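Given next are the chains, with one letter for each unit.
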Amino acid sequence: MNADRYAEFLARCGTRVRHAAGAAWTETSRGVWMSFPYQLELDPVAVLAAPPLRAGDIAARWPCPMDQGRPSYRLVCRGADYGFARLESKARNQTRRGLERCTVAREEPIALLEDAMELERDTRERQGRRDGDPGMWKRMLDAAAATEGAEAWAARIDGQVGAFLLAFRMDGWLHVTHVRSRRAMLGSYPNNALLYEVNRRSLAGTGCEAVSIGFESIQAEVDGLDHFKIALGYVREPVGCRIMLAPLGRALALAIRAPGGRA
């Protein structure tokens, strides 16, 4: 899959996509844009010369060379030798137990629809987030089924989905974009089993250079999630980060910084 295929997937999902500065950009939340393919480091001068922001937007974020942005990182696994030796001791034990209880396999995306909606609700409740769009997973899984390079994987326990993920191959990398799990089955470690097997199989001689599971989050409360991923063998690969604020975004930033929320 290249960036054009992923752009087609996003468009099928109803997500806005645009092109600027030699890259594609997706709207990750209302008025906030991120460049892709996610491993592509953009020259800030090129982005400033051809900005992705339009009227009504808030901000754009993109990876760049280390010396051209603030220090950040992406979480990545590399190497055909990925295995238990890469895992931290506690994660290694949990993953072994997960693999004893779970069957991990690629699946047809649309076959996961009913489970996807249940696990989405479960994950949102567990993380204290508001209800999402009930039609989102139907659009997303239909789009994944129609998009070359999209992959759906599930960890099942006695036939029931304990965890699943969506991932996309772009320019030699596998990008894990969505992971959801069932609260009642967390004690069987389906997330450990799922991510371990996806990493191991993807990196074992399939032409996959790296498996990425995202960038440093701008939300401070996700430190626990980063620790879970690092325990499973992901490493923080340094990368620069730039954020461009639109006039509205600058006003919001000033309002957040000002005492009492006033600019």
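The notes below deal with the structure included here.

What counts and what doesn't
Residues numbered from 1 in each chain as written. Predicted model: local features only at pLDDT ≥ 70, side-chain atom pairs only at ≥ 80, totals over all residues. Heavy atoms only, no water. Helix = DSSP H or I, 4+ residues; strand = E, 2+ residues; numbered from the N terminus. Buried < 20%, exposed > 50% of the residue type's maximum accessible area, 1.4 Å probe, protein only. Contact = heavy atoms within 4.5 Å. Polar contact = N/O pair within 3.5 Å; in protein donor to acceptor, adjacent residues only side chain to side chain. Salt bridge = Lys/Arg side-chain N within 4 Å of Asp/Glu carboxyl O.

1. Focus on the environment of Glu-27
Tracing the backbone shows Glu-27 in strand S2 (residues 23-29). Relative accessible area serves as the criterion here: at 17%, Glu-27 is assigned to the buried category. The sequence separation of Glu-27 and Asp-57 amounts to 30 residues, and the corresponding C-alpha distance is 9.6 Å. Discounting residues that sit within four places of it in the chain, Glu-27 has contacts with Thr-15, Arg-16, Val-32 and Trp-33. At 2.9 Å, the side chain of Glu-27 and the side chain of Arg-16 are in polar contact. Within the structure, Glu-27 has its side chain in polar contact with the backbone nitrogen of Gly-31 (distance 2.7 Å).

2. Brief notes about the pattern of salt bridges
One pass over the structure, following the stated rule, counts 20 salt bridges. In this structure, Glu-197 and Arg-200 form a salt bridge, with 2.9 Å as the shortest nitrogen-oxygen distance. Linking Glu-197 with Arg-200, this pair stays in helix H6 (residues 190-203), spanning 3 residues, or about one helical turn. For Glu-197, a relative accessible area of 8% puts it in the buried group. Given a relative accessible area of 32%, Arg-200 falls into the partly exposed group. Across the pair Glu-197 and Arg-201 runs a salt bridge, and its minimum N-O distance is 2.9 Å. One end of the pair, Glu-197, and the other, Arg-201, are both in helix H6, 4 residues apart, so they sit about a helical turn from each other.

These values are about where atoms sit, not about what they do.
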